[in-house]
Amino acid sequence: MTRKKFLAGNWKMQKNRAEASEFFQSFTRILGNLSDVTRVVDIAFGVPATLFDVSVKCAMGSGVKILAQNVHFEKQGAFTGELSAGMLVDASLAGSIIGHSERRQYFAENDEAVGKKWNALALAGLLPVVCVGETKAEREHGKTNDIVTTQFEAALSQVSTEAKGKEFVVAYEPVWAIGTGLTATPEQAEDVHKMIRGLLAKHFGKERAEVTRILYGGSMNAANCAELLQKPNIDGGLVGGASLKPEDFSKMVQAAQNFH
Ligand code: PGA
């Protein structure tokens, strides 16, 4: 079974509207007709809310998905500073990254909230990109699989049966590899991805496990992406730093096209 590779950029708190628009122009110039490219590789960008409209406009008709980097799980109400899944639909977004380690670390996002966000996105028809991953200390203590399993299962416990029926993507992002230049080796990443594939089979059945994409994230770049992507359980990447420059990210997309 070959899963379509999926490369998602995570722009974090970077770029203004002019820069976003320039990015998409260069990205399109380098890759050519994006709708041909997205037929073989899924491409997405998690962008700041100020870039939703310009990004959606630039990506229109190309098959490139624009994602949020966070969402609130309630439908509406007195939650100053938050955006609901319905608002993301209204902004023509395709989904959202949830549970990113920076949100867990700096904004106290926990597994329960991640699960509620997953549920809210799925029920709104949006794609949840669910991030999990261990810290350096946890890896050194041999706790990687336990931590990732707990994060995934605790989040899943908040997802309704109906929402479980909808597509989602898992992003394995070892915290020690994010923004550090220390990429997990293809073998280290593959081991965890295989374990996650087993978790998917346990909770969703073998068939769903086989079609659900598991992305790797953490200092993935144009130089190391091919060796990661060639592993059987690495279905793409969630890319921070290397997604900011069209030259770098388009090289990664080209590498992913070779696995089609
Ligand atoms: P990085 O970030 O590629 O800059 O390490 C990845 C992420 O945080 O999603």
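Preceding block: the structure.
As a convention, each chain's residues are numbered from 1 in the sequence order in which they are written. Given that this is a predicted model, residues contribute local features only at a pLDDT of at least 70 and side-chain atom pairs are listed and counted only at 80 or more, while totals for whole chains, interfaces and linings are drawn from all residues. For side-chain calculations, the full set of non-hydrogen atoms in the structure is used, while hydrogens and water are omitted.

A.B. asks: Please set out the pairing of strand 1 (residues 5-10) residue by residue, giving values where relevant.
C.D. replies: For the exposure calls, accessible area comes from a 1.4 Å probe over protein chains only, and a residue counts as buried if that area is under 20% of its type's maximum, exposed if over 50%, partly exposed in between. Helix numbers and strand numbers start at the N terminus; a helix is a DSSP run of H or I with at least 4 residues, a strand a run of E with at least 2. With six of its six residues buried, strand 1 lies for the most part within the structure. Taking every second residue as pointing to the same face, both faces of strand 1 are buried, with Lys5, Leu7 and Gly9 on one and Phe6, Ala8 and Asn10 on the other. Two elements, strand 1 and strand 2 (residues 41-46), share six bridges in a ladder whose sense is parallel. In the strand pairing of strand 2, Phe6 is matched with Asp42. For strand 1 and strand 8 (residues 236-239), the ladder comprises four bridges, and the chain directions are parallel. Residue pairing in the sheet places Ala8 in a bridge with Leu238 of strand 8. A pair of strands counts as paired when DSSP detects no fewer than two bridges linking them.

A.B. asks: For helix 3 (residues 52-59), give the residues involved together with the corresponding values.
C.D. replies: Taken together, the buried positions of helix 3 are Phe52, Val54, Ser55, Val56 and Ala59. The contact criterion used throughout is that any non-hydrogen atoms of two residues lie within 4.5 Å. The inward-facing, buried residues of helix 3 abut helix 1 (17-31), strand 3 (65-68) and helix 4 (85-90). Backbone geometry just after helix 3 places Gly61 at a positive phi near 80°.

A.B. asks: Go over the site of the ligand, please, and point to the residues and values.
C.D. replies: Nearness is defined per residue: one heavy atom within 4 Å of the molecule or strand is enough. Near the ligand, the surroundings consist of 13 residues, among which Lys12, His100, Glu173, Gly179 and Ser219 are the closest. The definition of a polar contact used here is a pair of N or O atoms within 3.5 Å, where within protein one atom must be able to donate a hydrogen and the other to accept one, and adjacent residues in sequence count solely through side-chain atom pairs. For the ligand, an oxygen atom lies 2.7 Å from a polar atom in the side chain of Lys12. Interatomic distance of 2.8 Å between a backbone N/O atom of Gly241 and an oxygen atom of the ligand. To be clear on the numbers: accessible area is Shrake-Rupley with a 1.4 Å probe, and residue cover counts the displayed protein chains and nothing else. Computed on the free molecule, the ligand has an accessible area of 280 Å², of which 95% lies beneath the protein chains in the complex. The class makeup of the residues in the shell around the ligand is four nonpolar, seven polar and two charged. Residues are grouped as follows: Ala, Val, Leu, Ile, Met, Phe, Trp, Tyr, Cys and Pro are nonpolar; Asp, Glu, Lys and Arg are charged; every other residue, Gly included, is polar.

A.B. asks: If you had to explain the environment of Ile43 to someone new, which residues and values would you point to?
C.D. replies: In this fold, Ile43 is placed in strand 2. Overall, Ile43 belongs to the buried group, its relative accessible area being 0%. Residues Ile43 and Val192, spaced 149 residues apart in sequence, show a C-alpha to C-alpha distance of 23 Å. Sequence-distant contacts of Ile43, defined by excluding residues within four places in its chain, comprise Leu7, Phe27, Val37, Thr38, Gly63, Val64, Lys65, Phe249 and Val253.

A.B. asks: Mind laying out the nonpolar core, listing which residues take part and the relevant values?
C.D. replies: Ranked by internal contacts, the top residues of the largest apolar core, which has 69 residues, are Phe45, Trp118, Ile196 and Phe249. Here the element with the most residues in this core is helix 10 (residues 186-204); it accounts for seven residues. Not counting chain neighbours up to four residues away, the residues in contact with Phe249 comprise Leu7, Ala8, Gly9, Phe23, Phe27, Ile43, Ala44, Phe45, Val239, Ala242 and Ser243. We define a nonpolar core as any set of buried Ala, Val, Leu, Ile, Met, Phe, Trp, Tyr and Cys residues linked to one another through side-chain atoms lying within 4.5 Å. Membership of the second largest hydrophobic core comes to twelve residues, among which are Ala44, Cys131, Val169 and Ala171.

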